[in-house]
Amino acid sequence: MIERKISRFGVLFLVFLLPLFGFSQKGEKIQTIVIDAGHGGKDTGALGKVTTEKAINLAVAKKFGAYIEENMPDVKVIYTRKTDKFIELSERAAIANRNNADLFVSIHVNSTEGTTTANGAETYVMGESKNEKNLAVAKKENASILLEDNTDAYDNFDPNSTEAYILFSLSQSMYQKQSLDIAGKVQKQFAAKGRHDRGVQQAGFLVLWKTSMPSILVELGFINNAKEEQFLNSEKGQTQMALALYRAFEDYKREFEAENHSGQKPVVQDQPATNVGDTYFTVQFASRDKKVSSTDKAFSGVKEVDVYHYNGAFRYISGKFTSKDAAMKRQSEVRALGYKDAFVVAFVNGERGTIKQAEEALKK
Ligand SMILES: [Zn+2]
């Protein structure tokens, strides 16, 4: 299993940390999974000779979901799409957050330029790409936003800018460990089905950016490799891939629930915003090009609004907390007010830092 230490950026970077909506992950059970068939509608994804990525993604997503529905009556399966329609990347994550999902699985098919012999399956989690190949995969998948009408949700992210990825790839989910766990299980099952195992990888995917639960992106194979396309386009191939995903989910669920059988829901106490120093957690819920004159009027209902300037825009935050759980509770409240993309961020010594850095600093 791959497990990387991630606390090596000493600098204060925007690290959008993606917290929970509610506390399902700390509950005892895996109750809801969101299955995301990549692309759709005008966004075909990668093109093969006889089929499209979007069609393979949807077929495997539906089969995978059907196995769960048949065999796990205690799990609710939510699909981001069940038909050939276009859905924004941010909306895919929002569907998972709104439904308080315990796991998010985005299904894709890869394609390479130049060569037609690349083969095998790989599974990604959000993180820093270690090589050009992974970066290229993320760029290709993120290019979907170029087809979106409104890209406000991405904080001016330019999917073609390598520099943007350097910042973006520092995003680390607080669920990275669990994401790596399910990713490893998926790869193990793919290998068991005889697929070439390209391993667990990391890169910056917009679709994984704001999900508030363990999240993976699966690349089933290469559509520009004729043999792989044929396999992925076949009933047998799609069944095998869906079964592999199902087996991995089954293992993940069983292990999670065994480890958490005595788990109790945490009691979260609101902490007063006073007496909080320069290191704290807060909830970012809006960005504006211009500073609003009255936050009370602009953001009615949101408590303890403050603002800071970052990356060319004014970012509005709610509350300051010395515990992450308290900030997550505030996040739920702010989201309930309609700011569905609200998320927890951390400040360390007055500068934007990572959640991990803030936790470590607050421990001292
Ligand atoms: Zn894709």
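Note: the structure precedes this text.
Bear in mind that the values here come from a model prediction, so they are computed numbers and not experimental data.

About the criteria used
- Residues numbered from 1 in each chain as written.
- Predicted model: local features only at pLDDT ≥ 70, side-chain atom pairs only at ≥ 80, totals over all residues.
- Heavy atoms only, no water.
- Helix = DSSP H or I, 4+ residues; strand = E, 2+ residues; numbered from the N terminus.
- Buried < 20%, exposed > 50% of the residue type's maximum accessible area, 1.4 Å probe, protein only.
- Donors = N, O, S within 2.8 Å, 3.2 Å for Na, K, Ca; no water.
- Salt bridge = Lys/Arg side-chain N within 4 Å of Asp/Glu carboxyl O.
- Contact = heavy atoms within 4.5 Å.
- Polar contact = N/O pair within 3.5 Å; in protein donor to acceptor, adjacent residues only side chain to side chain.

## Overview of unusual backbone geometry
Look at Glu-304: it is not a glycine, yet its phi comes out positive at around 50 degrees. The phi dihedral of Asn-349 is positive, around 50 degrees, even though this residue is not glycine. With respect to the helices and strands, Asn-349 occurs in the loop between strand E10 (343-348) and strand E11 (351-353). The exposed category is assigned to Asn-349, whose relative accessible area is 60%.

## Notes on the coordination of the zinc ion
Those donors, His-39 (NE2), Glu-53 (OE), His-108 (ND1), Glu-141 (OE) and Glu-141 (OE), are the protein atoms that reach the zinc ion, and they lie 2.0 to 2.6 Å from it. Read in sequence order, the donor residues for the zinc ion give the motif H-x13-E-x54-H-x32-E. Taken as a pair, His-39 in the loop between strand E1 (32-37) and helix H1 (53-71) and His-108 in strand E3 (residues 103-110) lie far apart in primary sequence, 69 residues in all.

## Quick word on the pattern of salt bridges
All told, the structure shown has 19 salt bridges when counted by the stated rule. Measuring nitrogen to oxygen at the nearest pair gives 2.7 Å for the salt bridge that ties Arg-195 to Glu-228. Residue Arg-195 is located in the loop between helix H5 (176-192) and strand E5 (197-203), and its partner Glu-228 is located in helix H7 (residues 226-233); the two are separated by 33 residues in the primary sequence. Among the residues examined, Arg-195 registers a relative accessible area of 10% and is labelled buried. Three or more residues joined by partner-sharing salt bridges are found here, namely Lys-303, Glu-304, Lys-329, Arg-330 and Glu-333.

## Regarding the environment of Lys-54
One can find Lys-54 in helix H1. Distance in space between the C-alpha atoms of Lys-54 and Asp-43 is 7.7 Å, their sequence separation being eleven residues. With residues up to four places along the chain from it excluded, the contact list for Lys-54 reads Gly-38, His-39, Gly-40, Gly-41, Asp-43, Thr-44, Arg-81 and Asp-84. Here the side chain of Lys-54 touches Gly-41 through a polar contact of 2.8 Å, landing on its backbone oxygen.

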